[in-house]
Amino acid sequence: MTTLNSKLKMIKTKMRVGRGIGSGKGKTSGRGVKGQKSRSGVAIKSFEGGQMPLYRRLPKRGFNSISKKEIAILNLEQIQSFIDKNSFKSSDLLNSKLLKKLKLINKNSKKLKILGNGEIKKKINIEADLVSKSALKKLEKVGSSIQLKK
């Protein structure tokens, strides 16, 4: 059975500094004597004693956009070369899941866009997020079906 006394011992009270030498944190309040660090309102972030700090020694490089969308682009000529190499059959449903499995597009890509560069000879079923007008025209000419995901 726990008593009220034992519950109070579990709660650690905040150390009150600067309340006399009897408290153990009196006079200088545990900050030592003199110097910049003993004063209030001082923060010496990444100060390395006069040595050139690390954040200034390293070069500034690149830029990562927050709003960048990971879109994998695939041209019709690439699709045709994959069919010629027998990476997949023209009867298969060509979607981002299949392309990621075959490692033909990056696994981190969120969407798939079909572009109209090159020609396609065989009829193929495609499921993509985006498609260009020229690619759509060329695919319809061959008789391919394309499903756009919302």
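First, a word on what this report is: a plain description of the structure on this page. (Residues numbered from 1 in each chain as written. Predicted model: local features only at pLDDT ≥ 70, side-chain atom pairs only at ≥ 80, totals over all residues. Heavy atoms only, no water.)

A short note on the overall build of the protein chain
Working step 1: Scanning the protein chain for helices and strands turns up 5 helices and 6 strands.
Working step 2: Overall, the protein chain is about 90 × 60 × 25 Å in size when its C-alpha atoms are taken along their principal axes.
Working step 3: The buried share of the protein chain, taken over its 150 residues, is 22%.
Working step 4: Across the protein chain, every contact between residues at least 6 apart in sequence was considered, and the portion connecting residues at least 24 apart equals 42%.
Working step 5: Per element, the accessible surface of the protein chain, about 12,500 Å² overall, is 53% carbon and sulfur.
Working step 6: The distance from the centre of the 38 positive side-chain charges to the centre of the 9 negative ones in the protein chain is 23 Å. (Helix = DSSP H or I, 4+ residues; strand = E, 2+ residues; numbered from the N terminus. Buried < 20%, exposed > 50% of the residue type's maximum accessible area, 1.4 Å probe, protein only. Contact = heavy atoms within 4.5 Å. Areas by Shrake-Rupley, 256 points an atom, 1.4 Å probe, with all protein chains shown as cover. Lys, Arg positive; Asp, Glu negative; His and termini not counted. Charge placed at Lys NZ, Arg CZ, Asp CG, Glu CD.)

Focus on the pairing of strand 3 (residues 111-115)
Working step 1: The alternating pattern of strand 3 places Leu112 and Ile114 on a buried face, while none of Lys111, Lys113 and Leu115, on the opposite face, is buried.
Working step 2: Where strand 1 (residues 71-75) and strand 3 come together, 5 bridges link them in parallel fashion. For Ala72, the partnering residue across the bridge sits in strand 3 and is Leu112.
Working step 3: Two strands pair when backbone bridges link them, and strand 3 and strand 5 (residues 130-131) are joined in this way by 2 bridges, in the parallel orientation. Considered in strand 5, the bridge of Lys113 is made with Leu130. (Pairing = 2+ DSSP bridges.)

Brief notes about the nonpolar core
Working step 1: Leu74, Ile79, Phe88, Leu94, Ile114, Ile124 and Ile126 are the most contacted members of the largest nonpolar core, which has 20 residues in total.
Working step 2: At the level of elements, strand 1, helix 3 (76-84), helix 4 (96-101), strand 3, strand 4 (125-128) and helix 5 (133-142) are the ones that each hand at least two residues to this core.
Working step 3: Considering each element in turn, this core owes the most residues, 4 residues, to helix 3.
Working step 4: When sequence neighbours within four positions are dropped, the list of residues in contact with Ile124 reads Ile79, Ile83, Phe88, Ser90, Asp92, Leu94, Leu139, Ser144 and Ser145. (Core = buried A, V, L, I, M, F, W, Y, C linked by side-chain atoms within 4.5 Å.)

What to know about the sheet that holds strand 2 (residues 93-94)
Working step 1: The strand order across the open sheet built from 3 strands is 2-4-6, with neighbouring strands paired in parallel fashion. Each edge of the open sheet carries a strand with a single partner, namely strand 2 and strand 6 (145-148).
Working step 2: The pairing of strand 2 with strand 4 spans 2 bridges and is classified as parallel. Bridge assignment links Leu94 to a residue of strand 4, and that residue is Ile126.

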